[in-house]
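Secondary and tertiary structure notes
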Amino acid sequence: FGADLAQAESVAARVWRRSLEHVTGGQADHPAAVMLGVISFLAPDDIPRQLFSAQAAQQVPLLGDLGVAALNLAFGELAAYSLVVIDRSSNAISVHRVIQHLTRLDAESRGRAGDYCTASIGLLDACI
């Protein structure tokens, strides 16, 4: 528990970074990078897909410009590299806690943590 998972030489950090770079092509504003950033500020298990409905996403500035097709494609790309797990039977998304931790650390280092956290809260508000 005391290990610094964000160290450049950490195996977990290298695998996470490499996978994310494959998905996003190194673009920090790629929809998959944005989605992973946003869901890293939610509870890790059983995130309802309805949270990312067109109506909810339109109310969140960070996501509203992406569109539903881009959001769905982003989830598929993240799942293809095992950065998230999509449970089709419950229509829910899960993300491993280590992936969340590394994503949050990266967001903080790039000054995006506030944006991602605000977007996740905005999604929750939109679904109430």
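Above this text sits the structure in question.
Residues numbered from 1 in each chain as written. Predicted model: local features only at pLDDT ≥ 70, side-chain atom pairs only at ≥ 80, totals over all residues. Heavy atoms only, no water.

This brings us to the packing of aromatic side chains. The description of an aromatic ring pair rests on the distance of the ring centres and on the angle between the ring planes. Scanning the entire structure with this criterion turns up one aromatic pair. Consider the rings of Phe-52 and Phe-75, whose centres lie 5.0 Å apart with planes at 70°: the pair is edge-to-face. Highlighted residues: Phe-52 in the loop between strand E1 (47–48) and helix H3 (54–58) and Phe-75 in helix H5 (residues 68–80), separated in sequence by 23 residues. A residue is classified by how much of its surface remains accessible, and Phe-75, at 1% relative accessible area, is buried. The side chain of Arg-104 reaches across the aromatic face of Phe-41, ending 5.2 Å from its centre. (Phe/Tyr/Trp six-rings, centres within 6.5 Å; stacked < 30°, edge-to-face > 60°. Helix = DSSP H or I, 4+ residues; strand = E, 2+ residues; numbered from the N terminus. Buried < 20%, exposed > 50% of the residue type's maximum accessible area, 1.4 Å probe, protein only. Lys NZ or Arg CZ within 6 Å of the ring centre and 35° of its normal.)

Here we come to the nonpolar core. Counting residues in hydrophobic clusters, the biggest one holds 34 residues, and the most contacted among them are Leu-36, Ile-39, Phe-52, Leu-63 and Leu-78. Of all the secondary structure elements, the ones that give two or more residues to this core are helix H1 (11–24), helix H2 (31–39), H3, H5, helix H6 (97–109) and helix H7 (113–126). The biggest single contributor to this core is H2, with six residues. With residues near it in sequence (within four places) discarded, Ile-39 still touches Ile-47, Phe-52, Phe-75, Val-84, Ile-93, Val-95 and Gln-100. (Core = buried A, V, L, I, M, F, W, Y, C linked by side-chain atoms within 4.5 Å. Contact = heavy atoms within 4.5 Å.)

On the basis of which strands lie adjacent, the open sheet formed by three strands has the order E1-E3-E2 and antiparallel pairing. The strands lining the two open edges of the sheet, one partner per strand, are E1 and strand E2 (85–87). Strand direction decides the pairing type here: E2 and strand E3 (residues 92–94), joined by three bridges, are antiparallel. Within the sheet, the bridge partner assigned to Asp-87 lies in E3 and is Ala-92. (Pairing = 2+ DSSP bridges.)

Taken as a whole, the largest pocket encloses approximately 200 Å³ of empty space. As for the largest pocket, its lining consists of 15 residues, of which Leu-20, Thr-24, Ala-28, Asp-106 and Arg-110 are closest to the centre. Elements with a contribution of two residues or more to the lining of the largest pocket: H1, H2 and H6. Grouping the amino acids of the lining of the largest pocket by side-chain chemistry returns six nonpolar, five polar and four charged. (1 Å grid on protein atoms, 1.4 Å probe; cavity = no way out; pocket = protein on both sides within 12 Å on 5 of 7 lines; lining within 4 Å. Points joined across faces, edges and corners; volume = space filled by probe spheres on them. Nonpolar A, V, L, I, M, F, W, Y, C, P; charged D, E, K, R; others polar.)

For Asp-46, which is not a glycine, the phi torsion comes out positive at approximately 55°. Checked against the element boundaries, Asp-46 lands in the loop between H2 and E1. The class for Asp-46 is exposed, based on a relative accessible area of 54%. Although it is not a glycine, Ser-82 sits at a positive phi angle of roughly 60°. Mapped onto the elements, Ser-82 comes out in the loop between H5 and E2. Classification of Ser-82 as exposed rests on a relative accessible area of 59%.

Read these as spatial facts, not as claims about activity.
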